[in-house]
Amino acid sequence: MRVTVNRELCAGAGNCVVTVPEVFDQDDREGLVLLQIAEPSEDLHELVETAAQMCPVGAIEVEHRVPHAMEK
Ligand code: SF4
């Protein structure tokens, strides 16, 4: 799983930070999302999915990759 956040869209609602503080944080000045881990461990995947769905502005994108799919 690869996570990206769009700080241009982020409204600073903080849902993601409450849901998965290991992965998301908010900066002190503007309250906008900060990504702490771009490739979270598997035990966090479900929470990250939930956070992405709960974000009111769709600022969190989750990309799923098939491991080693490009390798021979
Ligand atoms: S839930 Fe969305 S809008 Fe709220 S802080 Fe996280 S990324 Fe920003």
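In case you missed it, the structure is sitting above this.
Residues numbered from 1 in each chain as written. Predicted model: local features only at pLDDT ≥ 70, side-chain atom pairs only at ≥ 80, totals over all residues.

Moving on, we come to the overall build of the protein chain. Counting its regular elements, the protein chain contains two helices and four strands. Each helix (α) and strand (β) of the protein chain, taken in turn from the N terminus, gives the series β-α-β-β-α-β. Dimensions of the protein chain along its principal axes, counting C-alpha atoms only, are 45 × 25 × 20 Å. In the protein chain, buried positions account for 19% of the 72 residues. Contacts in the protein chain between residues far apart in sequence, at least 24 positions, make up 58% of those at least 6 positions apart. (Helix = DSSP H or I, 4+ residues; strand = E, 2+ residues; numbered from the N terminus. Buried ≥ 20, exposed ≤ 12 C-beta atoms within 10 Å, placed from the backbone. Contact = placed C-beta atoms within 7 Å.)

Lining the immediate surroundings of the ligand are 16 residues, of which C10, A13, C16, V33 and C55 lie closest. At the level of elements, helix 1 (15–19) and strand 2 (24–26) are the ones that each hand at least two residues to the shell around the ligand. Looking at the shell around the ligand, its residues break down into twelve nonpolar, four polar and no charged. (Near = placed C-beta within 6 Å. Nonpolar A, V, L, I, M, F, W, Y, C, P; charged D, E, K, R; others polar.)

Moving on to the nonpolar core. The biggest cluster of nonpolar side chains holds 13 residues, and the ones touching the most others in it are C16, V20, F24, V33, A51, A59 and I60. Residue assignment for this core shows that the elements contributing at least two residues are strand 1 (2–5) and helix 2 (45–54). The residues touching A59, leaving out its near neighbours within four places in the chain, are V5, N6, L9, C10 and V33. (Core = buried A, V, L, I, M, F, W, Y, C linked by C-beta atoms within 7 Å.)

Attention now goes to the environment of D27. Here D27 shows up in the loop between strand 2 and strand 3 (33–35). Residue D27 is classed as exposed on the basis of its 12 C-beta neighbours within 10 Å. Separated by 15 residues in sequence, D27 and G12 place their C-alpha atoms 9.2 Å apart. If near-sequence neighbours (up to four positions away) are discounted, D27 is found in contact with L32 and L34.

Only one face of strand 1 is buried: it carries V3 and V5, and the other face, with R2 and T4, is open. As defined by bridge partners, strand 1 adjoins strand 4 (residues 60–63) across four bridges and the pair is classed as antiparallel. Note on strand 4: the bridge partner recorded for V3 is V62. (Pairing = 2+ DSSP bridges.)

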